[in-house]
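Residue-level structural notes
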Amino acid sequence: MAVEEGIDDYTQDGTVDLKGNPVRRSKRGGWTACSFVVVYEVFERMAYYGISSNLVLYLTQKLHQGTVKSANNVTNWVGTIWITPILGAYVADAHLGRYWTFVFASLIYVTGMSLLTLSVSIPGLKPPPCHQANIDDCKKASTLQLATFFGALYTLAIGTGGTKPNISTIGADQFDDFHPKEKASKLSFFNWWMFSIFFGTLFANTVLVYIQDNVGWTLGYGLPTLGLVISVMIFLAGTPFYRHRVPAGSPFTKMAMVIVAAARKWRVPLPSDPKELHELDLEEYARNGKFMIGSTPTLRFLNKAAVKTGSTDPWMLCAVTQVEETKQMLRMIPILIATFVPSTMIAQINTLFIKQGTTLDRHIGNFKIPPASLAGFVTISMLVCVVLYDRFFVPVIRKWTSNPRGMTLLQRMGIGLVLHFVIMAVASLTERYRLNVAKQHGLVENGGQLPLTIFILLPQFVLMGTADAFLEVAKLEFFYDQAPESMKSLGTSYSSTSLGIGNFLSSFLLSTVSDITQRDGHEGWILNNLNKSHLDYYYAFFAVLNFLNFIFFMAMIRFYVYKAEVSDSMHVLTEELKVMRLKASNQEAAKGIA
C-alpha cells in the first residue's frame, strides 16, 4: 500500500526537476510553487507599467514630441514588447526550457531597465526643459539622446520577450492536468494570475506615476527598476519548489513538417479508416507522460501527412497526434485575429486617453491627479470583476450549464468584445461633450485647460477594466488551454501576439487617419492641440470597427471545435494500455501452457 501511495505521489504530466528526475506532487508544484511566481508577477508588472503608463507624457514633455509621434512611439514599443514573446516561446520549447529561458531573459530585462533609468537621470541624455505652449518651438532631442533612450526601451523589450510567454506557463505547469484536484485548481489559477498582474499595475498607475509627475523621473523609473530586481530574486528563491518540463523540440518545426508532408502528398487519397494512418505506440506516449490524440475530420487535408507511403522521412510521414497538434494551433488563428481590434482599443489607455486627461481639471483640493493614474481605475475595475466572476458568477451559472468554468471561454471572450464596442461609443460621446465645453469657453485655439473635471473620463476607464476581466483573462486561458501539451509556451504567446499586433495596428490607424483627415486643407482629426482635434470621430470609427469585428468573431466561433480534455484523453490511454497489457499477458500464459 505504501509503495502504491509513493508511486501515486509522482506527477503524471511528465514534469521533472532541473536535473531531469521525476518529481513528487507533495514536494514540488501546486500553490506553494505558484506563490513565488505570482509574487514575481506583482513586482514585474509594477516595473513594466511604471514605464509604459506615463511614457507618452515623458515623450511629449521631456523629449518634446507631438501627439501622433509620441503616441505611435508608445504603441510601436508596446507592440514590440508583446510580439517578442514568440521568439521567447520558441527558445523555451525548442532549446533551453521555460525556466532557463526566463532566467536569461530576466537579466536582459534588468539591464534595459537600468539603462532607461540612467537615460532619464543624466542631464546630457535629454534635451533642456521647455515651457513653450507649442511643442514645435522646443529644442528636439539629439540623435544620441534618442538612441540611448529608445535603445534602453528596446533592450527591455527583448528581455520581456523571454519572460512573458514563460512565466505564466511556468505557473500553470505547477498543476498536474492528470490529477483531478490539481486540475480544478488550475481553473482558478488564470483568474488569480490576472489579479496579481493588475495589483502590480495598480501600484504603478497610482504611486509611481504620481512620483514621476511630481517628484522626478529618476526616482519614478528607479523604483520600478528596483522592483524588477527584487521580483527576479523572489522567483529564483522558489527554484527548489518548481516543476519543469523538458524542451519538446521546436513547435514551428513540428507544424512545418505536417504542412510540408501534407502538401507533398496532396494527390495521395486518404484511407476510409483513420486507424490506417501512421501513429506511434501507446506505450511511447505513456512513457513520456503524454497522451495520444485521435484523428479528427477538421482541416482534413492535413491528415494526408499521416498517410503511409513507404517513406519514414519526418518531412513525409507524421504521426496522427503530431497532425492533430498542428490542427489545434491552426484552428486558434481565426480567434487570434478576432482579438486584434480589442487589443487596439487597449492601446488607447496609455496614449490618447492619457492625452485627453492633460486638457482637463485634475485638482482635488490642493492635490493634482496625474493623468496616467486614471489607468488605475482600469485595474480596480478589473480586480473587482475578476473576484466577483470567480467567486459568485461562476458558481451560480455552473448550476445551469454544468460547465466547470461556468461558461465556455469563447462565450466569455464574446462578452468582452461587446463591452469594447460600448467603451468606444461612450468615449466618443464623452469627447464630443469635452469639445463642446472647449468651444463654450473659447479654449479651442489656445488649447487651454478646460474647467471640466478629469473624472468625466472615468466611465471609459472603468468599462475597459470590466472588458479585461472577460476578454483578457479568457484569452490567456483559451490559448493556453487549447494549445497542445508540447506547445504551451507558443500557445501562451498567441495572447501576447494579439496585444502586440493590436498596438502596431493602433500606430497604423492613428498615422493613416491623421494623414487622410488632413488632406485637401482640412485640419484633421488628431492634432497636437486636442481642443481643435476630433477624437470623437476617431472613437466613433473605433466603435464601428469593434462592431464589425464582433460579427467576424461570431462567424469564426461557429466553426471552432474545442480540443478533447487532457484528463479524459489520459483516462482513455490508461484503459487502452491495461487492455493491451492484459492481452499480452494472456498470450504469454497461453504459450506457456502450450
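Since this is a predicted model, take the numbers as computed values, not measurements.

1. Description of the overall build of the protein chain
Across its full length, the protein chain holds 20 helices and two strands. Taking contacts inside the protein chain between residues at least 6 apart in sequence as the whole, the part at least 24 apart equals 82%. Counting every atom, the protein chain has about 25,400 Å² of accessible surface; 65% of that belongs to carbon and sulfur.

2. Things to note about unusual backbone geometry
Most peptide bonds take the trans configuration, and most residues that are not glycine carry a negative phi. In the Ramachandran plot, His-64 falls in the positive-phi region, its phi being about 60° despite a non-glycine side chain. In this structure, His-64 sits in the loop between helix 3 (55–61) and helix 4 (67–83). Of the residues examined, His-64 reaches a relative accessible area of 2% and is grouped as buried. A positive phi angle, near 45°, is found at Leu-299, a position not held by glycine. Counting through the fold element by element, Leu-299 comes out in the loop between helix 10 (282–287) and helix 11 (320–331). We classify Leu-299 as partly exposed; its relative accessible area is 40%.

3. With respect to the UniProt feature "transmembrane region" (unreviewed entry) in the protein chain
UniProt feature "transmembrane region" (unreviewed entry): in the numbering of this structure it lies at residues 74–92, 98–118, 189–211, 217–237, 335–354, 374–397, 409–430 and 537–561. Along residues 335–354 one finds 70% helix and 0% strand; the C-alpha atoms at either end are 30 Å apart. Overall, residues 537–561 shows 84% helix and 0% strand. The separation of its end C-alpha atoms is 38 Å.

4. Examining the packing of aromatic side chains
Considering all chains together, one arrives at 34 aromatic pairs under this definition. With centroids separated by 5.6 Å and ring planes inclined at 75°, the aromatic side chains of Phe-479 and Tyr-494 adopt a geometry described as edge-to-face. Residue Phe-479 is located in helix 17 (residues 458–481), and its partner Tyr-494 is located in helix 18 (residues 488–517); the two are separated by 15 residues in the primary sequence. We note that Phe-479, like Tyr-494, is buried. The ring centre of Tyr-48 lies 4.7 Å from the NZ or CZ of Lys-164, which sits over that ring. Lying over the aromatic face of Tyr-389, Arg-412 brings its terminal NZ or CZ to 3.7 Å of the ring centre.

5. Focus on the packing of helix 5 (residues 85–121) against helix 6 (residues 143–172)
Taken N-terminus to C-terminus, the directions of helix 5 and helix 6 make an angle of 145°; their axes are 5 Å apart at the nearest point. By crossing handedness, the relation of helix 5 to helix 6 is classed as left-handed.

6. Focus on the pattern of salt bridges
The tally for this structure, following the rule as stated, stands at 12 salt bridges. Across the pair Glu-41 and Arg-45 runs a salt bridge, and its minimum N-O distance is 3.6 Å. Of this pair, Glu-41 and Arg-45 both sit in helix 2 (residues 30–52), four residues apart, which is roughly one turn of the helix. Under the relative-accessibility criterion, Glu-41 is labelled buried at 5%. Residue Arg-45 is classed as buried on the basis of its relative accessible area of 3%. Between Glu-445 and Lys-532 there is a salt bridge, with the nearest N and O atoms lying 3.5 Å from each other. Of this pair, Glu-445 sits in the loop between helix 16 (409–440) and helix 17 while Lys-532 sits in the loop between helix 18 and helix 19 (535–557), and the two are 87 residues apart along the sequence. Its relative accessible area of 61% is what places Glu-445 among the exposed residues. Linked by salt bridges that have partners in common, Glu-41, Glu-44 and Arg-45 make up one network.

7. Focus on the nonpolar core
Of all hydrophobic cores here, the largest spans 78 residues; its most connected members are Trp-77, Phe-149, Tyr-538 and Tyr-539. When residues of this core are assigned to domains, at least three fall in each of domain 1 (11–249) and domain 3 (326–588). With near-sequence residues (within four places) excluded, Trp-77 lies in contact with Tyr-48, Ile-51, Ser-52, Leu-55, Leu-153, Tyr-154, Leu-156 and Ala-157. Counting 27 residues, the second-largest nonpolar core is a separate cluster that includes Phe-189, Ile-197, Tyr-242 and Ala-469.

8. Let's talk about a nonpolar patch on the surface
A contiguous nonpolar surface patch, about 590 Å² in accessible area, is contributed by Val-418, Phe-421, Val-422, Val-544, Phe-547, Leu-548 and Ile-551. Taken together, the elements giving at least two residues each to the nonpolar patch come down to helix 16 and helix 19. Among the elements that take part in the nonpolar patch, helix 19 stands out by supplying four residues, more than any other. Tracing the sequence through the fold places Phe-547 in helix 19.

9. Digging into the packing of helix 15 (residues 375–401) against helix 17
Closest axis-to-axis distance for the helix 15/helix 17 pair is 7 Å, and the angle between their directions is 45°. What the angle tells us is that helix 15 and helix 17 run oblique. Considering how the two elements wind past one another, helix 15 and helix 17 form a crossing that is right-handed. Two secondary-structure elements touch here, helix 15 through Ala-375, Phe-377, Val-378, Ser-381, Met-382, Cys-385, Val-386 and Tyr-389 and helix 17 through Leu-458, Phe-461, Val-462, Met-464, Gly-465, Thr-466, Asp-468, Ala-469, Phe-470 and Val-473. By residue class, the composition of the contact of helix 15 with helix 17 is 14 nonpolar, three polar and one charged.

10. A word on helix 15
Considering bend angle alone, the principal kink of helix 15 is centred on Tyr-389 and spans about 45°. Among the residues trailing helix 15, Ser-402 stands out with phi positive, at a value near 60°.

The rules behind these values
- Residues numbered from 1 in each chain as written.
- Predicted model: local features only at pLDDT ≥ 70, side-chain atom pairs only at ≥ 80, totals over all residues.
- Heavy atoms only, no water.
- Helix = DSSP H or I, 4+ residues; strand = E, 2+ residues; numbered from the N terminus.
- Contact = heavy atoms within 4.5 Å.
- Areas by Shrake-Rupley, 256 points an atom, 1.4 Å probe, with all protein chains shown as cover.
- Buried < 20%, exposed > 50% of the residue type's maximum accessible area, 1.4 Å probe, protein only.
- UniProt positions renumbered as here; feature names shortened; annotations may be inferred.
- Phe/Tyr/Trp six-rings, centres within 6.5 Å; stacked < 30°, edge-to-face > 60°.
- Lys NZ or Arg CZ within 6 Å of the ring centre and 35° of its normal.
- Axes fitted to C-alpha atoms, helices over the stretch in contact; angles between N-to-C directions.
- Left-handed = near helix turned anticlockwise from the far one by under 90°.
- Salt bridge = Lys/Arg side-chain N within 4 Å of Asp/Glu carboxyl O.
- Core = buried A, V, L, I, M, F, W, Y, C linked by side-chain atoms within 4.5 Å.
- Domains from an automatic or database assignment.
- Patch = residues over 30% accessible without salt bridge, like charges linked within 9 Å, V, L, I, M, F, W, Y side chains within 5 Å.
- Parallel < 35°, antiparallel > 145°, perpendicular 65-115°, else oblique.
- Nonpolar A, V, L, I, M, F, W, Y, C, P; charged D, E, K, R; others polar.
- Bend = angle between axes of the 7 residues up to and from the residue.

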